[in-house]
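# Commentary on secondary and tertiary structure
The chain contents come next:
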Amino acid sequence: MQYKTESILVNPEFIDKDVMKKAGNLIASGELVAFPTETVYGLGGNAMDDEASSKIYRAKGRPSDNPLIVHIADLSDLDKVACEVPERAILLANAFWPGPLTMILNKNADIPMTTTGGMDTVAIRMPNHPVALSLIRESGCVIAAPSANSSGRPSPTCAQHVAEDLNGRIPMILDGGSVNIGLESTIVDLTEKVPMILRPGYITSEMLSAVLKEKICIDPGLQTGITDQKVKPKAPGMKYRHYAPKAEMIIVDGEQKNVIDEINQRISADHIKGKKVIVIAAEESGVQYKADHVLCIGKRKDEDSIARHLYGNLRKCDQLGADVIYSESFSTPVIGQAIMNRLLKAAGHQVIKV
Ligand code: TXA
Ligand code: MG
């Protein structure tokens, strides 16, 4: 179905109730609305309506075995989505919700299998964004929402990114400005004996461990490259090559001076072959590169700024028509694991150590 997509500005600090009513009614009637969260923009539909979930997969071009996250606005909604709520989930919800944490629990029978991609478990999150919370409440639904990009593209961190991918495919985009975090939520699986991180994010294993007072493990499938099929990630979405720009991308990792020398040598060789080269660098070192374009993604001293600008810059590489992209490595102290998880996937795990 072809839509004339309407993009509506919503000021998160002064939410227009009429707009939210209109958006909520669309969700309640089985339609889709893209909306901001604190992590990335989501593409929402009624999670209890398998037709609405099917529309989400179709609009994104997403494989139907890749389950959606169900977004709730109130703790009391947990029982509508999960069939049992373990003590750990309550502890984590009290500590981190609303916020960038998704929990995997055993699903309630009311949640259709289309929403969970055929799984018996369900991913649940309470987003920390006034527009997202208002949309959930106005719709009277729990809202299934993957990131609002077309499948394979970097997640959207502003409404313009959503429009680039989904214009004509959905009726409405709520434009609440740029997101705050810029990387998708941490996913923790609470259905096994030991809680397991299936996707790293802003909430780290140390933070989870401090609340639960137990060890948290990390899905061994996250360590492997896309060509290494031996250990599959447990979150179906983590097995796909995505977050990726179209050009070949290589991460160069090591001492700052060695990284700059290596990248500049490669740029000279690429230029002889007539290739257009883009470098993704921190603000501190950006001026050192002789590339066609240098994209400064943030300050090393302010790791949140790097996370916030990562996806936008990956999209910019496509717009600028790069043939080759070199990126510095950003193993920053807290959110570095999440940044590198996305960057490694974008680069198809191509890393040069210097
Ligand atoms: O920050 C976020 O989480 C954003 C915003 C919109 O909330 N949403 C998001 O959704 O990133 P999506 O669909 O792009 O990523 C959901 C991930 C996928 O990797 C999917 O495979 C995994 O969650 N997932 C969902 N349900 C699961 C389940 N029952 N078991 C394991 N993994 C699950
Ligand atoms: Mg996604």
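Up top is the structure these notes are about.
Residues numbered from 1 in each chain as written. Chains lettered and ligands numbered in written order. Predicted model: local features only at pLDDT ≥ 70, side-chain atom pairs only at ≥ 80, totals over all residues. Heavy atoms only, no water.

## Focus: the site of ligand 1
We count it as follows: In these notes, residues near a molecule or strand are those with any non-hydrogen atom within 4 Å of it. As used in this structure description, the phrase polar contact means that two N or O atoms lie within 3.5 Å; if the pair is within protein, one of them must be able to donate a hydrogen and the other to accept it, and residues adjacent in sequence are counted only when both atoms belong to side chains. Only the protein chains shown count as cover for residues, and the accessible areas themselves come from Shrake-Rupley with a 1.4 Å probe. Note on conventions: DSSP H or I runs of at least 4 residues are helices, E runs of at least 2 residues are strands, and numbering of each starts at the N terminus. Only Asp, Glu, Lys and Arg are considered charged, only Ala, Val, Leu, Ile, Met, Phe, Trp, Tyr, Cys and Pro nonpolar, and every remaining residue, Gly among them, polar.
Neighbouring ligand 1 are 28 residues; T39, N66, H71, S185 and G237 lie closest to it. Within the contact set of ligand 1, an oxygen atom lies 2.9 Å away from a side-chain nitrogen or oxygen of R199. Surface burial for ligand 1 is 97%, taken as the share of its 680 Å² of free accessible area covered by protein chains. Mapped by element, the contributors of at least two residues to the shell around ligand 1 are strand 4 (69-71), strand 6 (121-125) and strand 10 (196-199). Considering each element in turn, the shell around ligand 1 owes the most residues, 4 residues, to strand 6. Of the residues contributing to the shell around ligand 1, the split by class is 15 nonpolar, 8 polar and 5 charged.

## Digging into the pairing of strand 12 (residues 248-253)
Let me state the cut-off plainly: Pairing between strands is defined by DSSP: at least two bridges between them are needed.
The pairing of strand 12 with strand 15 (residues 324-328) spans 5 bridges and is classified as parallel. Within strand 15, the position partnered with M249 by the bridge is I325.

## Side note on the packing of helix 9 (residues 303-319) against helix 10 (residues 336-346)
The criterion, for reference: To get an axis, a line is fitted to the C-alpha atoms, and for a helix only the part in contact is used. The angle between two axes follows their N-to-C directions and goes from 0 to 180 degrees. Any angle that is under 35 degrees is reported as roughly parallel, and any over 145 degrees as roughly antiparallel; angles of 65 to 115 degrees are reported as roughly perpendicular and all others as oblique. Helix crossings are classified by the rotation of the near helix relative to the far one: an anticlockwise turn of less than a right angle makes the crossing left-handed, while a clockwise turn makes it right-handed. Only heavy atoms matter for contacts: two residues are in contact if any of them lie within 4.5 Å across the pair.
At their nearest, the axes of helix 9 and helix 10 sit 10 Å apart, and the two run at 20 degrees to each other. By the angle between their axes, helix 9 is roughly parallel relative to helix 10. The handedness of the crossing between helix 9 and helix 10 comes out as left-handed. Mapping the contact onto sequence places E303, I306, A307, L310, Y311 and L314 in helix 9 and G336, I339, R342, L343 and A346 in helix 10. Among the residues making up the contact of helix 9 with helix 10, the classes are represented as 8 nonpolar, 1 polar and 2 charged.

## Considerations on helix 8 (residues 256-272)
Formally: Under the convention used throughout, the expected extent of a helix is 1.5 Å for every residue step, that is, one less than its residue count.
Across its 17 residues, helix 8 extends 25 Å between first and last C-alpha, which sits within 8% of the 24 Å expected from 1.5 Å per residue. At its buried positions, helix 8 is contacted by strand 12, strand 13 (277-281), strand 15 and strand 16 (351-353). Trailing helix 8 by a residue or two, G274 shows a phi angle of about 80 degrees, which is positive.

## Concerning the sheet that holds strand 16
Sheet architecture is open: 5 strands sit in the order 14-13-15-12-16, paired in parallel fashion. For this open sheet the edge positions go to strand 14 (293-296) and strand 16, each flanked by a neighbour on one side alone. Between one strand and the next, the sheet's axes are offset by a mean angle of 20 degrees, whatever the strand orientation. When strand 12 meets strand 16, the two strands line up parallel, connected through 3 bridges. Across the sheet, residue I251 finds its bridge partner in strand 16, namely V351. Each of strand 12, strand 13, strand 15 and strand 16 is contacted by helix 8, which is oriented at about 175 degrees to strand 15, the strand it contacts most. Contacts from helix 10 reach strand 12, strand 15 and strand 16, with the element oriented near 135 degrees to strand 12.

## So, the sheet that holds strand 7 (residues 143-144)
Pairing is mixed across the open sheet formed by 11 strands, whose spatial order is 1-8-2-3-7-4-6-5-9-10-11. This sheet does not close on itself; its edge strands, each paired only once, are strand 1 (6-9) and strand 11 (217-218). Two elements, strand 5 (residues 101-106) and strand 9 (residues 186-189), share 4 bridges in a ladder whose sense is parallel. Paired with M103 across the strands is V188, a residue of strand 9. On top of the sheet, helix 4 (residues 87-96) reaches strand 5 and strand 9; it is set at about 160 degrees to strand 5, its chief contact. Together, strand 2 (33-35), strand 3 (42-46) and strand 8 (172-175) form the strand contacts of helix 6 (residues 159-166), whose direction differs from that of strand 8 by roughly 165 degrees.

## Quick look at unusual backbone geometry
Selection rule: We call a residue buried when its accessible area falls under 20% of the maximum for its residue type, exposed when it is over 50%, and partly exposed in between, using a 1.4 Å probe and counting protein chains only.
A cis amide bond links W97 to the next residue, P98, at an omega of -10 degrees. Its location among the elements puts P98 in the loop between helix 4 and strand 5. With a phi close to 65 degrees, H349 is a non-glycine residue in the positive phi region. Note on placement: H349 falls in the loop between helix 10 and strand 16. Of the residues examined, H349 reaches a relative accessible area of 25% and is grouped as partly exposed.

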